[in-house]
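One-letter residues, chain by chain:
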Amino acid sequence: MADSGAEERGGLEAAVRGRLRVLRERWMRGNRERGGTADPPHPALPEDAEEMSALQALPIDVQLNIMSFLTPQDLCRLGSTSCYWRSAVQDPLLWRYFLLRDLPFWTSIDWKSLPDVEVFNKAFSDISDNALYDYMAVYKKSCPQSRRSLKSSRPRYGPVTSFLQSLVTQEEPRFAMFGPGLEELDDSLVQKMMTCPEILLVAGLPQRQIHGIGSGVSFQFNNSQKFNILTLYSTTSVERKRAREEQAVAVNKMFYQENSVVGNQQAVHYGVIAQVKKVCEVVGGFIYVANAEAHKKHDRQEELARILAMIDPALGPRNRPLLVLSCVSRVGVKRIPCVYMAHQLQLNLLRQPWMVQDTVAATLDGLLNGIEWLLEEAHCKNVQ
């Protein structure tokens, strides 16, 4: 999906132009039925023609073509100026065009805002006027800027909460971090986290948790909230180094395979080894580091099976949050957009809160946004 790039956007623009022609013909037909001219420059004219704006006087296809170049924010502002524009700016396929054009550039998506996969799979020609989504509502719900504005509009009780928390001794929230992005990228996310105090301060030295494949480090978020990350690798550092030198795939020692039959098909399931199971039983959430580099091969079905093994409800509360760091090595590496990553990993199948956050290992771009969400979700679950 991510590789189609400019070709996909070019096809969308052509489809929107076709849609504009359909709308023009429909409005022309409606105008003729109302007794108007055969080829009106615009749909229903306002009663007071002197108040008509220059933009409104243009043919409808020109109006909609101009609107396709506006930002969605500007389009909403235009819609607030009059009843005429309120109706004009709500065309579903115009907003579908905005959605498919902009979502590859969004840096995060979560369990409440992920657009349905049908948005990507249906061609414009497959959609009739009688079976359209409210794409304007989908865009507003999914867009990161809209989600941030909704979040900022909620009342904040930070100072009071911090004071009350200071009266009660609380354990640091603990999260298990795992995934191929810890080992396959040219830049190490964990090493960068350990050596960038200006971004994320290390508040506690590593504590060995699982011999060879895992350790725990305490960090401090925004100079206040402490939390612990238990980093779990698929194998030992020596074996990982050897695999990289030989360009081979190291055997993942965290999981063991459980085969089962579903219908007439063989299904692959994973279980976790005893040491990892103990970690899963004590953590308050999970961080999955996905390799989002577009030029690499990925087996997302296997990745999903391993995620499900870690978040198995038999190992702890069902509603523990999952943060997916959709990670690339450095700025400039072509990435799989986070919305596509969410669908590739089939995160919509999960029953707990999750978020996908674009992250860059070399600079830690995006990491703090993900950590902030994870801490908030974990705190909400503890309160409940």
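Preceding this paragraph is the structure being described.
So, how was this worked out
- Residues numbered from 1 in each chain as written.
- Predicted model: local features only at pLDDT ≥ 70, side-chain atom pairs only at ≥ 80, totals over all residues.
- Heavy atoms only, no water.
- Phe/Tyr/Trp six-rings, centres within 6.5 Å; stacked < 30°, edge-to-face > 60°.
- Buried < 20%, exposed > 50% of the residue type's maximum accessible area, 1.4 Å probe, protein only.
- Helix = DSSP H or I, 4+ residues; strand = E, 2+ residues; numbered from the N terminus.
- Salt bridge = Lys/Arg side-chain N within 4 Å of Asp/Glu carboxyl O.
- Arc of directions from axis to C-beta.
- Contact = heavy atoms within 4.5 Å.
- Core = buried A, V, L, I, M, F, W, Y, C linked by side-chain atoms within 4.5 Å.
- Axes fitted to C-alpha atoms, helices over the stretch in contact; angles between N-to-C directions.
- Parallel < 35°, antiparallel > 145°, perpendicular 65-115°, else oblique.
- Nonpolar A, V, L, I, M, F, W, Y, C, P; charged D, E, K, R; others polar.
- Pairing = 2+ DSSP bridges.

(A) Spatial organisation of the packing of aromatic side chains. Evaluated as defined, the whole model comprises nine aromatic pairs. Centre to centre, the rings of Tyr97 and Phe98 are 5.9 Å apart; their planes meet at 40°, and the pair counts as tilted. Grouping residues by exposure puts Tyr97 and Phe98 together as buried. Relative to Phe227, the ring of Phe175 has its centre 6.4 Å away and its plane inclined at 55°; by these criteria the two rings are tilted. Taken as a pair, Phe175 in strand 2 (residues 174–178) and Phe227 in strand 5 (residues 225–232) lie far apart in primary sequence, 52 residues in all. For the pair shown, Phe175 and Phe227 are each scored as buried.

(B) Region of the structure containing the pattern of salt bridges. Per the counting criterion, the structure on display carries eight salt bridges. Residues Glu293 and Lys296 are paired through a salt bridge, measuring 3.0 Å at the closest nitrogen-oxygen approach. Glu293 gets classed as buried once you look at its relative accessible area, which sits at 2%. Of the charged contacts in the structure, one is a salt bridge between Arg335 and Asp358, with a shortest N-O distance of 3.4 Å. With Arg335 in the loop between strand 9 (322–328) and helix 14 (338–344) and Asp358 in strand 10 (residues 354–360), this residue pair connects regions lying 23 residues apart in the sequence. Under the relative-accessibility criterion, Asp358 is labelled buried at 9%.

(C) Region of interest: helix 7 (residues 135–142). Within helix 7, the full set of buried residues consists of Tyr135, Met136, Val138, Tyr139 and Ser142. Angularly, the buried residues of helix 7 cover 160° about the axis, an arc narrow enough to put them on a single face.

(D) Representation of unusual backbone geometry. Positive phi, close to 55°, is recorded for Gln346, a residue that is not glycine. Relative to the helices and strands, Gln346 is located in the loop between helix 14 and strand 10. One non-glycine residue, Leu364, lies in the positive phi region at around 65°. Note that Leu364 resides in the loop between strand 10 and helix 15 (367–383).

(E) Broad picture of the environment of Pro72. Following the sequence through the fold, Pro72 ends up in helix 3 (residues 72–79). When the C-alpha positions of Pro72 and Leu99 are compared, they lie 9.5 Å apart, and in sequence the two are 27 residues distant. When neighbours within four sequence positions are excluded, Pro72 is seen to be in contact with Trp95, Phe98, Arg101, Asp102 and Tyr139.

(F) Main features of the nonpolar core. By size, the foremost hydrophobic cluster in this structure holds 64 residues, and its most contacted members are Met67, Phe286, Met310, Leu322, Leu347, Trp354 and Val356. Of the residues forming this core, the biggest block, six residues, is contributed by helix 5 (residues 92–102). Leave out the neighbours within four places in its chain, and Leu322 touches Phe286, Tyr288, Ile307, Leu347, Leu350, Pro353, Trp354, Met355 and Trp373.

(G) Quick peek at the packing of helix 3 against helix 5. Two elements in contact, helix 3 and helix 5, have axes separated by 11 Å at closest approach and are oriented at 155°. Put simply, helix 3 runs roughly antiparallel to helix 5. Residues Pro72, Leu75 and Cys76 of helix 3 form the contact with helix 5, whose own contacting residues are Leu94, Trp95, Phe98, Arg101 and Asp102. A per-class count over the contact of helix 3 with helix 5 returns six nonpolar, no polar and two charged.

(H) Representation of the pairing of strand 2 within the structure. The element strand 2 is largely enclosed, with a buried count of four among its five residues. Relative to strand 5, strand 2 runs parallel, the two being bridged by four bridges. Looking at the pairing, Phe175 lines up with Ile229 of strand 5. Relative to strand 8 (residues 285–291), strand 2 runs parallel, the two being bridged by four bridges. Bridge assignment links Ala176 to a residue of strand 8, and that residue is Phe286.

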